[in-house]
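Descriptive structure summary
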Amino acid sequence: MQGWWREIAGLVLPVACGGCGSPRTPLCASCARALHGSAARRVRPTPAPAGLPAVHAAAPYEGPVRAVLLAHKERGALGLAGPLGTALAGAVRAAAGPSEASGARPLLLVPVPSSRRSVRARGHDPTRRIARAAAAGLRRSGRPARVLPVLRQCREVADQSGLGAHARSVNMRGALEVVPGAERLLGDGPVVLVDDLMTTGASLAEAARALSAVHAAFTDGFTRSGAAVVAAVPRPFEINRNYRGTRNVAGGERGKAPLRR
């Protein structure tokens, strides 16, 4: 019900850019470029949790990108799911790589699940909504893709917002599982874990562990193509060596991003 009212409100209330607040547009051209105007890049937190797969992010979690993600997730600006999905689709393509990204089998986007408590509080599941928009965009571009929400929380976890990297890993350890009977769906194409945001990588590492647990028992196995996120928090991050940035992050010189940022 809450999500339905938000959809209606978006049609009748004044519209402002989710990134900078500019009037009369849900997302201005400048904020759209910040969100999905650059190629997705490989990111890895330092320290990285055990079992974290290769992760590609569309953008750093700062400035207008941070504002757009928060507007969609916390303030119910559901119309932003489209451009966020465009950004995630680019990261999914990068995660899948050239061989899988152009293949005939569908890309299977497996979202990291939100807790039932947070879904009730927000009135929607932001990651699943963005994943659906990304899959639709991939299909429009000629790449078969679909969302497989096969992961679920099997125990309660604490709010991650005030926790450090180690505490987040402990908090998430053993918290996710594959829905019984859903493991065979994972054999239909290359699997890409997806989330809206990577902070320390704890949630993605736990999601990868849950998938690995059924992979060993699944006779035919399945292809895992890493993970993709809309944005990654600019802590000290390890970036692929081909990237050259323009921001001053973690002590790096402006105009040349260091390998660790």
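Above this text sits the structure in question.
Below: a short report on this structure. Note on numbering: residues in each chain are counted from 1, in written sequence order. In view of the model being predicted, local features appear only for residues whose pLDDT reaches at least 70, and side-chain atom pairs are presented and counted only at 80 or more, with totals across whole chains, interfaces and linings using the full set of residues. With hydrogens and water stripped out, all remaining heavy atoms of the structure feed into the side-chain values.

**A few points about the nonpolar core**
- With 38 residues, the main nonpolar core has Val-92, Leu-109 and Val-230 as its most contacted residues.
- Starting at the N terminus, helices and strands are each numbered in turn, a helix being any DSSP run of H or I of at least four residues and a strand any DSSP run of E of at least two. When residues of this core are assigned to their parent elements, the largest contribution, 8 residues, is made by helix 4 (residues 81–101).
- Other than its neighbours up to four places away in sequence, Val-92 contacts Leu-107, Leu-109, Leu-138, Val-192, Val-194 and Ala-228.
- Val-110, Ala-182, Leu-193 and Leu-204 belong to the second-largest nonpolar core, a separate cluster that totals 27 residues. By nonpolar core we mean a set of buried residues, namely Ala, Val, Leu, Ile, Met, Phe, Trp, Tyr and Cys, connected to one another through side-chain atoms within 4.5 Å. Burial classes: relative accessible area under 20% of the type maximum marks a residue as buried, over 50% as exposed, and values in between as partly exposed (1.4 Å probe, protein chains only). Contact between two residues is taken to exist if any of their heavy atoms lie within 4.5 Å; hydrogens are not considered.

**Overview of unusual backbone geometry**
- Cis geometry is found at the peptide bond from Thr-46 to Pro-47, where omega equals 5°.
- Among the secondary structure elements, Pro-47 is positioned in the loop between strand 1 (41–45) and strand 2 (55–60).
- Positive phi outside glycine occurs at Arg-24, with the angle close to 65°.
- As for its position among the elements, Arg-24 is in the loop between helix 1 (2–12) and helix 2 (29–36).
- For Arg-24, a relative accessible area of 75% gives the class exposed.

**Some remarks on the pairing of strand 8 (residues 224–232)**
- Burial within strand 8 is extensive, with 8 of its 9 residues counted as buried.
- Pairing between strand 2 and strand 8: 5 bridges, direction parallel. Among the inter-strand pairings, Pro-60 is bridged to a residue of strand 8, identified as Ala-232.
- When DSSP finds at least two bridges between two strands, those strands are taken to pair. As paired strands, strand 7 (residues 191–198) and strand 8 are joined by 6 bridges and run parallel to one another. Counted as the bridge partner of Val-191 is Arg-224 from strand 8.

**Overview of the pattern of salt bridges**
- For salt bridges, the criterion is a side-chain nitrogen of Lys or Arg within 4 Å of an Asp or Glu carboxyl oxygen. Tallied over the full model, the rule gives 4 salt bridges.
- Notably, a salt bridge pairs Lys-73 with Asp-196, separated by 2.9 Å at the nearest N-O pair. With Lys-73 in helix 3 (residues 63–73) and Asp-196 in strand 7, this pair connects stretches of sequence that are 123 residues apart. With respect to burial, Lys-73 and Asp-196 carry one shared label: buried.
- Here Arg-146 makes a salt bridge to Asp-188, at a shortest N to O gap of 2.7 Å. Taken as a pair, Arg-146 in strand 4 (residues 145–147) and Asp-188 in the loop between strand 6 (176–178) and strand 7 lie far apart in primary sequence, 42 residues in all.

**Things to note about the pairing of strand 3 (residues 107–111)**
- Within strand 3, 5 of the 5 residues are buried, which leaves the element mostly enclosed by the surrounding structure.
- Burial along strand 3 is two-sided: the face carrying Leu-107, Leu-109 and Pro-111 and the face carrying Leu-108 and Val-110 are both buried.
- Taken together, the 3 bridges between strand 3 and strand 4 define a ladder with parallel strand orientation. From the neighbouring strand, Leu-109 faces strand 4, where its bridge partner is Val-147.
- As judged from the 4 bridges shared by strand 3 and strand 7, these two strands associate in the parallel manner. Considered in strand 7, the bridge of Leu-108 is made with Val-191.

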